[in-house]
Amino acid sequence: MTQTSTPHLVLVDGSGFIFRAFHALPPMTSPAGVPVNAVYGFTNMLSRLLREHAGSHLAVIFDAGRHTFRSEIYPAYKAHRPEAPEELRPQFALVRDATRAFNVPGIELPGWEADDLIASYARAVQAIGGTCTIVSSDKDLMQLIGNGVSMVDPMKQQPIGLAEVEKKFGVTPDKVIDVQALMGDSSDNVPGVPGIGPKTASALINEFGTLEAVLSAAPEMKKSKKREMLIEHAEAARISRRLVELACDVPLPVAIDELTVKEPEKETLAAWLENMGFRSLISRMGMATYAGTEAHRAARATAEASVNPTEAQADTGISETVTAPPYSGYETVRTAEALERWVAAAREAGLCAVDTETDGLDPLSAGIVGISLATAPGKACYVPLRHQGTLEEPAGEQLSPDDAITLLRPLMADASVLKIFQNAKFDLLVFDRAGLDFTDISPTDDTMLLSYVQSAGLHGQGMDELSALHLGHKPISYTDVTGTGRNKIPFAQVAVSKATDYAAEDADVTLRLWYALHPSMRANQCLALYEQIERPLSPVLAEMEKTGIAIDRAALSRLSEDFATRMAVMETDIHAEAGREFNVASPRQLGEILFDEMGLKGGKRGKAGAWGTDSSVLQDLVDQGHALPEKVLAWRQLAKLKSTYTDALLRQATTDDRVHTSFQMAITTTGRLSSNEPNLQNIPVRTEEGTRIRQAFIASRGKKLISADYSQIELRLLADAADIPALREAFTQGQDIHTRTASEVFGIPAEEIDSLTRRKAKAINFGIIYGISAFGLSKQLGISPGEARTYIEAYFTRYPGIRDYMERMREQARELGYVLTSFGRRCYVPGIHDKNAARRQYAERQAINAPLQGGAADIIKRAMVRLPRAIADAGLSARMLLQVHDELLFETSEDEAPRVAALVRDIMENAAQLSVPLVVETGIGNNWAEAH
DNA sequence: GTCCTCACG
DNA sequence: GACGTACGTGAGGACG
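Rules behind the numbers
- Residues numbered from 1 in each chain as written.
- Chains lettered and ligands numbered in written order.
- Predicted model: local features only at pLDDT ≥ 70, side-chain atom pairs only at ≥ 80, totals over all residues.
- Heavy atoms only, no water.
- UniProt positions renumbered as here; feature names shortened; annotations may be inferred.
- Near = heavy atom within 4 Å.
- Polar contact = N/O pair within 3.5 Å; in protein donor to acceptor, adjacent residues only side chain to side chain.
- Helix = DSSP H or I, 4+ residues; strand = E, 2+ residues; numbered from the N terminus.
- Nonpolar A, V, L, I, M, F, W, Y, C, P; charged D, E, K, R; others polar.
- Phe/Tyr/Trp six-rings, centres within 6.5 Å; stacked < 30°, edge-to-face > 60°.
- Buried < 20%, exposed > 50% of the residue type's maximum accessible area, 1.4 Å probe, protein only.
- Core = buried A, V, L, I, M, F, W, Y, C linked by side-chain atoms within 4.5 Å.
- Contact = heavy atoms within 4.5 Å.
- Domains from an automatic or database assignment.
- Expected span 1.5 Å × (residues − 1).
- Salt bridge = Lys/Arg side-chain N within 4 Å of Asp/Glu carboxyl O.
- Pairing = 2+ DSSP bridges.
- Axes fitted to C-alpha atoms, helices over the stretch in contact; angles between N-to-C directions.

Within an unreviewed UniProt entry, the label attached to chain A reads DNA polymerase I, and the organism entered is Acetobacter thailandicus. UniProt's Function (unreviewed entry) comment on chain A is quoted here verbatim: "In addition to polymerase activity, this DNA polymerase exhibits 3'-5' and 5'-3' exonuclease activity." According to the UniProt record, the Subunit (unreviewed entry) comment for chain A reads "Single-chain monomer with multiple functions."

Below, the structure written as C-alpha cells:
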C-alpha cells in the first residue's frame, strides 16, 4: 500500500457495537463456556468489513474506561449508567482479542471516549485530504458527517447521511451539537434545557443559527415557559454543549499511515476462531480447521449446540452449523476387562459422568440394577448388573454388583478424576447401599446443582428439561423403556440393549450438561456458593435421609383411633345440624349446604364458581354465631391430622420404626430445601392436637432429641440488608424485636406495649418480609385495609431504609430478571415485566422476599455442611436428622446431649457474619415436642 | 390431572 | 378505577 492515492480511513466504533450486538443477539457460549454473543457479532461484522468495505486504512476504536474529561466538567455525566451485564463483561476483552486476531489495530486512550478518538482521526484524515467512513449508529457521531466523512450503520448495513441526520435532529450535521445541547440526553445525563425537546430545539436552532444565538435572543422572546427556561438554564445548555461536542484534537495514539489494511495471519485467526467456536466463519473464510482433540471437539459442538439456531438465524441472518456427536452407539459392558477399559478411559479424561439405574425411585429401598459411565460426549457405556432378560432377549453375561463395585471403587476415590452426577444425592445413596460408601466417592460435581445455583426459579432442574434447554436434545424417557400404569415393568426386566440406549444416554447427557453448565459458574459468581454450600450438602443430606427419625408406632396408632372416634361423633352432629347427610370432606357439598341451603351470608365464590369454604371463611361464620362451621372446622382439623400424619406416617415407617424423608435440593425458587415422601417439614406444632403428633417423633432408646432453631433469622437478615439502625440495635441488645417495633411505630414506650399491639407489630414485621400489602396485612389482623395502610405508612416513616431496600430489590429484579442473596444465590423472578399488574406485583414481592428467605437458607446450609465434621472432631456421636428451614434436629446419647447442644449452637450462630448477631435457641427432650 | 384445603417455616 | 393480593413448600381428598 502506498500513499500515492488519498487515504480512505474506516473507523469502527467498537464499544458502541459491542453493546448493540450484545442486546441484539441471542445468548451464545464458547466451548470454554464464556458468553460470546457480542464477540460473535463483532467478529462477523469485522470479517464482512474486511471482505466488502475495506478502505485503505482501518482501525477499531474503544472506550478506555468510564472516567473522561466530561465527568470533570459535569460529574453526573453517564454517572447513572448501570454496570455492564455479567454476560457482557468478559466479552470486552475478547472483542479486543478479535481485532488482534484479524490484525486490525484496536485503539483506545484513557480519559477519552471512543467518540473523541473517532472525531480526531476523522478530522486528521480530512486535513490530509482523505476520506473517512465511521462504522457506528451512535447519534453523537452524526455531528462529524460531511466534507468526506460518512457514517454507516453496522447492524443494518445502511449509510447514515444528511437525510438520516435531518430526520433525527431536524438540522444539518454541523448544527447537531447545538440541538443536542438544548434538548439534553437523559440516557447520558446531559441536562439540556428542561421542557425543550427535539422539536423545539431544532426549530430554535434553525431560526437563530447557533446555541449562543438562541440563548442571547431569549430575553427578547415573548413571555413563555420556554423563555424562562432558556434564561434560567442557559448555563446548563452551555455545559451540555461541551458534553456533546466531540474533541477533535485528541493526540492520536497510532499515526494514520500505520493504519493501512493488512492481511490477517491465517493460522492465528483460524486458531482464535476455533477457540471461540465460530466454525462457520472459518469455513466461510476458506480456512482449514484447526484440529483439537476428539474430546474437545465434541465438547465444543455440544456447547455450540446450546445456541438456539432459529433465534440466531433470525437476528443475524447467519447460522452456525454445528454437529454434536450422536446420542447413540453406546457400549454394553459385560466383563471385567471391558469395565477396566472404561475405568482407564475415565482416568485419562480426568472426569466421567456416572449414573445408576435402580428398581424404584427411593434410593433407600431400591437396589442397583446397572451403572452407566460417560467419558466424553457421545462416548458412554452401560454396565448391566441385575437384568433378568426377556423372552426375546436373554440378559446375557453380566458383572455382579460386587465385582463392578470392586472395579469402580478406586476410580470413585481417585482424587484426580472428577465424578459427575445429575442429582448426586440419589446415586450416592444407591452406591452406598450397594456397598460403596458415599464418603469414598470424591471429587464430585452435580449438574442439577450447577444449574440450580444459576437458574433457580427460571426453570426446573430435571435432566430431561436441562437437556432440552442446553443441548437441544430430548433423551429417551424412563417411561419409554419401562412403560406406565399397568404395563409398567421394573427396570431389571427391561431388555439390556434397550437399557443401554437409555442409561448410557443419561450419563452422556449428564457429561454434556457439565460442559454446558460448569464454565459459566465463575462469570455468574455462583462458584463459591456451589462449591462451599450446595455440593458438600449432598452427602450430608444423604446421611440424614439414611438415618431417619424414630417414631412411636403405638402412640400414633392410639391417636389415629382417637381421631377416628371423635370424627364419627362430629360427623353425626354435623349431618344433624345441616339437615341431611353429606360428605363433610367435600368443600363443594359443604358450600352448597352453608350458602345455598342454609342461606348463610358472607360466602364468596372461587374462580370455578364453587363456594369458598376455607378456614377463614368458616371462622367468619363462626364469629357471626353459627354452630355448623365451627364443628366442620374441628372435624377438618382431625381429618387432616389423621390422613396426612398419623396414618401416613405409620404407613411410611420402615421396619425399624423410623421414617426417612427425602430432601429435595433444587425445587424451591429461593434456595430452601423441600422435604417429601413424607414431608417432615410440616409436622404439626401450632395446636394441641398437633403437638400430640410431634410427641410421636421420639429419640430412640437411651437417647435424646435436640432441636436448635434460629431466632428471627429473616428479620435479622432484613435489618442487616436494609441497614436499619433501630432494628440492628434491638437485635444487638437482645431486645424483643416485635415489642421494639410496636414501640417505635405506634409511639408507645416499650413497657406499655400490650399483647395486641405487639401482635400487630409482629404481623407487620412478617408482612415486610413477604413484601407487604395493605390487603394482606388487613386479612392477617382482621382489620380494614385502610387501617393496615396507616400502619404500613407509620412503619415506613419510622424505618425509611425498608422502603429503599424494597425498591432496590424491585429495581434489581427488573434490570437483571433475578435477585441475589448475600452468598451469591440467584433467585429468578420471571413475572417482573408482566403487563398484568397483579402478576407483576406478585413478582415484586417475590423479589423482596427471596434474598431474605434465600439468605436464611444459605446460612443454615453452611451450618449443616460444617456440623458433621465439628461433631466428629469434638468426639461426639450425635446425628443430624432433620432440617426445617430455620431448625435442625439431632439425635444423641443422653450424656452427650448438653455438649452437643452447645456445639450446635456455636456452629449455627457463627455460620455467617452479619451486622447483627445470629441467635440460636436449643432444647433437649425425649420427643420432638419436648425438644422444640 | 386439577382444585381446594391445610400442615409447616 | 379495577385488578387480585402477603413469601416459600407438600399431601390428601374430591371431582371430572
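A. Quick look at the protein's contact with DNA strand C. Near DNA strand C, the surroundings consist of 35 residues, among which S586, R588, S674, E677 and Q846 are the closest. Close to the protein, within 4 Å, the atoms of DNA strand C are drawn from sugar and phosphate at a rate of 65%. Within the contact set of DNA strand C, a base nitrogen lies 3.5 Å away from a side-chain nitrogen or oxygen of K640. Measuring from a base nitrogen of DNA strand C, one finds a side-chain N or O atom of R672 at 3.5 Å. Of all elements in the fold, only α26 (587-597), α28 (628-652), β16 (674-676), α33 (755-769), α34 (774-781) and α37 (837-873) reach the threshold of two or more residues within the surface near DNA strand C. Ranked by residues supplied to the surface near DNA strand C, first place goes to α37 with six residues. For the surface near DNA strand C, the residue count by class is nine nonpolar, 19 polar and seven charged.

B. Summary view of the packing of aromatic side chains. Under the counting rule described, the total for this entry stands at 15 aromatic pairs. Measuring from centroid to centroid gives 6.3 Å for W272 and F278, while their planes differ by 70°, and the two rings are edge-to-face. Among the residues examined, W272 registers a relative accessible area of 11% and is labelled buried. Consider the rings of W514 and Y515, whose centres lie 5.4 Å apart with planes at 80°: the pair is edge-to-face.

C. Broad picture of the UniProt feature "domain: DNA-directed DNA polymerase family A palm" (unreviewed entry) in chain A. The sites that UniProt annotates as "domain: DNA-directed DNA polymerase family A palm" (unreviewed entry) are residues 690-896. As a span, residues 690-896 carries 59% helix and 14% strand, and end to end its C-alpha atoms are 29 Å apart.

D. Highlighting the protein's contact with DNA strand B. Lining the immediate surroundings of DNA strand B are 21 residues, of which T613, S615, V685, R686 and D886 lie closest. Protein-proximal atoms of DNA strand B, defined as those within 4 Å of the protein, fall in sugar or phosphate at a share of 77%. R672 is positioned with one of its side-chain polar atoms (N or O) 3.0 Å from a base nitrogen of DNA strand B. One nitrogen or oxygen atom from the main chain of R686 is found 2.7 Å from a phosphate oxygen belonging to DNA strand B. No other element matches the four residues that α28 contributes to the surface near DNA strand B. Within the surface near DNA strand B, the residues separate by chemical class into seven nonpolar, eight polar and six charged.

E. Region of interest: the nonpolar core. Ranked by size, the top nonpolar core spans 165 residues in total, and within it F697, Y710, I802 and L867 carry the most contacts. Broken down by element, the residue count for this core peaks at 13 residues, all from α37. Apart from the residues within four sequence positions on either side, I802 is in contact with L718, A722, I724, L727, I768, Y795 and F796. Formed by 48 residues, the second largest nonpolar core is a distinct cluster that contains L144, V149, A181 and V250.

F. Layout of the domain arrangement of chain A. Domain annotation for chain A reports domain 1 (8-163 + 253-258), domain 2 (331-524), domain 3 (564-656) and domain 4 (714-850). On a C-alpha basis, the centroid separation for the pair domain 2 and domain 3 is 47 Å.

G. A look at α33. A rise of 1.5 Å per residue sets the reference length of α33, with its 15 residues, at 21 Å; its end C-alpha atoms lie 21 Å apart and thus fit the reference within 8%. Those residues of α33 that are buried are in contact with α30 (713-721), α32 (737-746), α34, α35 (785-798), α36 (800-816) and α37. Of the residues trailing α33, G771 is marked for its positive phi of about 80°.

H. Main features of the pattern of salt bridges. Under the definition given, this model contains 49 salt bridges. Between K139 and D185 there is a salt bridge, and its shortest N-O distance comes to 2.7 Å. Here K139, found in the loop between β4 (131-135) and β5 (149-153), pairs with D185, found in the loop between α7 (176-183) and α8 (198-208); they are 46 residues apart in sequence, far enough to count as distant. Using a relative accessible area of 12% as the deciding quantity, one classes D185 as buried. E909 is the partner of R905 in a salt bridge, and the nearest nitrogen-oxygen pair spans 3.3 Å. A residue pair is termed a helical-turn pair when its members lie 3 or 4 positions apart in one helix, as R905 and E909 do in helix α38 (residues 897-909) at four residues. Salt bridges linked by common partners bring E807, R810, E811, R814 and E844 together as one network.

I. Local environment of the sheet that holds strand β18 (residues 703-710). With antiparallel pairing, four strands are arranged side by side in an open sheet as β21-β22-β18-β23. Every interior strand has two partners, whereas the edge strands, β21 (879-883) and β23 (920-925), have only one. Adjacent strand axes in the sheet meet at a mean angle of 20°, parallel and antiparallel pairs treated alike. Relative to strand β22 (residues 887-893), β18 runs antiparallel, the two being bridged by seven bridges. Across the sheet, A708 pairs through a bridge with L888, a residue of β22. In this fold α37 packs onto β18, β21 and β22, with an angle of close to 15° to the strand it touches most, β22. Strands β18, β22 and β23 of the sheet are contacted by α38, whose axis makes an angle of about 160° with β23.

J. Main features of the pairing of β5. Of the two faces of β5, only one is covered, namely that formed by V149, M151 and D153; the face formed by S150 and V152 stays uncovered. Between the antiparallel neighbours β5 and strand β6 (residues 158-160) lie four residues, among them Q157 with a positive phi of about 55°.

K. Examining the side chain of T739 more closely. Looking at the element boundaries, T739 is found in helix α32. For T739, a relative accessible area of 16% corresponds to the buried category.

L. Up close: the sheet that holds β6. The strand order β3-β2-β1-β4-β5-β6 describes an open sheet built from six strands, whose pairing is mixed. The sheet terminates laterally at β3 (106-107) and β6, the two strands that pair on one side only. The pairing of strand β1 (residues 8-13) with β4 spans five bridges and is parallel. Bridge pairing in β4 links H8 to T131. Packing against the sheet, helix α1 (residues 14-24) makes contact with β1, β2 (57-61) and β5, and its axis sits at approximately 45° to β1. Contacting β1, β2, β3, β4 and β5, helix α5 (residues 114-127) runs over the sheet at an angle of about 175° to β1.

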